[in-house]
Amino acid sequence: MGYIKSAALEETGYVVLDSYDQELDPKEWLDIEYNDWKSSGDTRFAPLASAFGEIECNGFWNHKPPRTDKDGVWIPSQVEKAPNLTRRAQEPGANVGRCRVIELQPTPYGDCLYNLHQDDNNRLNPDGTGWVVRGFFNLTDDTDSYFVLRENRTDPRGEVRIALPAGAQLIIDTQRLWHAATHNGTDPRYCLITSWTSGPELDAYIEKYHGVNRAESVDVPQDVLDHGYAEQARKDAARAAYYAAKGQAEVRAMSEA
Ligand SMILES: [Fe+2]
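Residues numbered from 1 in each chain as written. Predicted model: local features only at pLDDT ≥ 70, side-chain atom pairs only at ≥ 80, totals over all residues. Heavy atoms only, no water.

Q: Looking at this structure, how should I read the nonpolar core?
A: For soluble globular proteins, nonpolar side chains are generally found buried alongside one another. Within the largest apolar cluster, 27 residues are counted, with the highest numbers of intra-cluster contacts made by Val-101, Ile-171, Leu-192, Trp-196 and Leu-202. Breaking this core down by element, the ones donating at least two residues are strand 1 (14-17), strand 3 (43-50), helix 2 (83-90), strand 5 (96-104), strand 6 (132-138), strand 11 (189-197) and helix 4 (200-208). Beyond its immediate chain neighbours, meaning those up to four positions away, Ile-171 contacts Leu-9, Gly-13, Tyr-14, Val-15, Leu-17, Val-133, Arg-134, Gly-135, Trp-196, Leu-202, Tyr-205 and Ile-206. Residues Phe-45, Cys-57, Ala-181 and Cys-191 belong to the second largest nonpolar core, which totals 18 residues. (Core = buried A, V, L, I, M, F, W, Y, C linked by side-chain atoms within 4.5 Å. Buried < 20%, exposed > 50% of the residue type's maximum accessible area, 1.4 Å probe, protein only. Helix = DSSP H or I, 4+ residues; strand = E, 2+ residues; numbered from the N terminus. Contact = heavy atoms within 4.5 Å.)

Q: Whenever I open this one, the packing of aromatic side chains confuses me. Can you help?
A: The description of an aromatic ring pair rests on the distance of the ring centres and on the angle between the ring planes. Counted by the stated rule, this structure contains nine aromatic pairs. With a centroid separation of 5.2 Å and 85° between ring planes, the pair formed by Tyr-242 and Tyr-243 is classed as edge-to-face. On the basis of relative accessibility, which here comes to 46%, the residue Tyr-242 falls in the partly exposed class. Accessibility expressed as a relative area gives 18% for Tyr-243, which makes it buried. Among the aromatic residues, those joined into a cluster by ring pairs are Phe-137, Trp-196, Tyr-205 and Tyr-209. Sitting above the plane of the Phe-52 ring, Arg-67 keeps its charged end 5.4 Å from the centroid. The ring centre of Tyr-114 lies 5.4 Å from the NZ or CZ of Lys-235, which sits over that ring. (Phe/Tyr/Trp six-rings, centres within 6.5 Å; stacked < 30°, edge-to-face > 60°. Lys NZ or Arg CZ within 6 Å of the ring centre and 35° of its normal.)

Q: Honestly, the environment of Asn-184 in this entry has me stumped. Any pointers?
A: Within the fold, Asn-184 resides in the loop between strand 10 (178-182) and strand 11. Asn-184 sits in the partly exposed class, given a relative accessible area of 36%. Excluding anything up to four places from it in sequence, Asn-184 contacts Thr-107, Pro-108, Asp-144, Ser-145 and Tyr-146. Within the structure, Asn-184 has its side chain in polar contact with the backbone oxygen of Asp-144 (distance 3.0 Å). (Polar contact = N/O pair within 3.5 Å; in protein donor to acceptor, adjacent residues only side chain to side chain.)

Q: Explanation requested: the environment of Pro-156 in the structure shown.
A: As for its position among the elements, Pro-156 is in the loop between strand 7 (142-150) and strand 8 (160-164). Using a relative accessible area of 31% as the deciding quantity, one classes Pro-156 as partly exposed. Spatially, the C-alpha atom of Pro-156 lies 8.3 Å from that of Tyr-229, the residues being 73 residues apart in sequence. If sequence neighbours within four positions are ignored, Pro-156 has contacts with Arg-150 and Tyr-229.

Q: Is there a simple way to explain the pattern of salt bridges in this structure?
A: Applying the stated criterion across every chain, the model contains 14 salt bridges. Asp-120 is the partner of Arg-123 in a salt bridge, and the nearest nitrogen-oxygen pair spans 2.7 Å. Here Arg-123 falls in the partly exposed class, since its relative accessible area comes to 39%. The exposure class assigned to Asp-120 is buried, which follows from its relative accessible area of 8%. Between Arg-153 and Asp-236 there is a salt bridge; the shortest N-O distance is 2.9 Å. Taken together, the residues span a long stretch of sequence, with Arg-153 in the loop between strand 7 and strand 8 and Asp-236 in helix 5 (residues 222-245) at a distance of 83 residues. Taking the relative accessible area as the measure of exposure, Arg-153 reaches 8% and is therefore buried. The network of salt bridges with common partners includes Arg-150, Glu-159 and Arg-161. (Salt bridge = Lys/Arg side-chain N within 4 Å of Asp/Glu carboxyl O.)

This is how it looks when you write it as structure tokens:
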């Protein structure tokens, strides 16, 4: 039968929507409660919706009873502090699973490449229902930062680098595309990440905000790219050696972020 997916994401796996006027909103992401959650890179998360409305970020399948990343429960204490973020996550009218703000410390391109991962968005998702994708709303004005998307983790051909000024809005099939953020700067980057179920509501939202499935890739000097490729290879090799020394098979689990 197959999953219900957005035609807009079929070709490239992502769309860039109209930019949001972030300056008009208060910085709600500074008011909400964060917890430490192991993810790719140096991060903390502040959930707005979770499996049972607690301030935790675990995959819904890690709870009892396990379930897929749908029907997230809004956390009253967080929603109260972040009404605009909540409104924006709910605006499409698509089912919301997890919804949280990520705080990311500065991350150079090479570390970003090492952090590239696919999300485990559709575990236990019943065939014939909507495929879970993720929305990324950049909150801070990270003018020197960019989201990196690849079809293959270690192959830079076709890499897309999407700029992350305040108000940038992306929807990405993060189970299909390898992804991570390069964050050049001194302050943390904040981004609202929402798990949405694909379907007519999400399609209408993408259309309303003129989603385009091609972005102008951020220009990065060749020497920075080359240094990043080398860093990724070096860190991958160090990681493999670490697991070999422990006599364990290397496991690169799909990240939650
Ligand atoms: Fe992710």
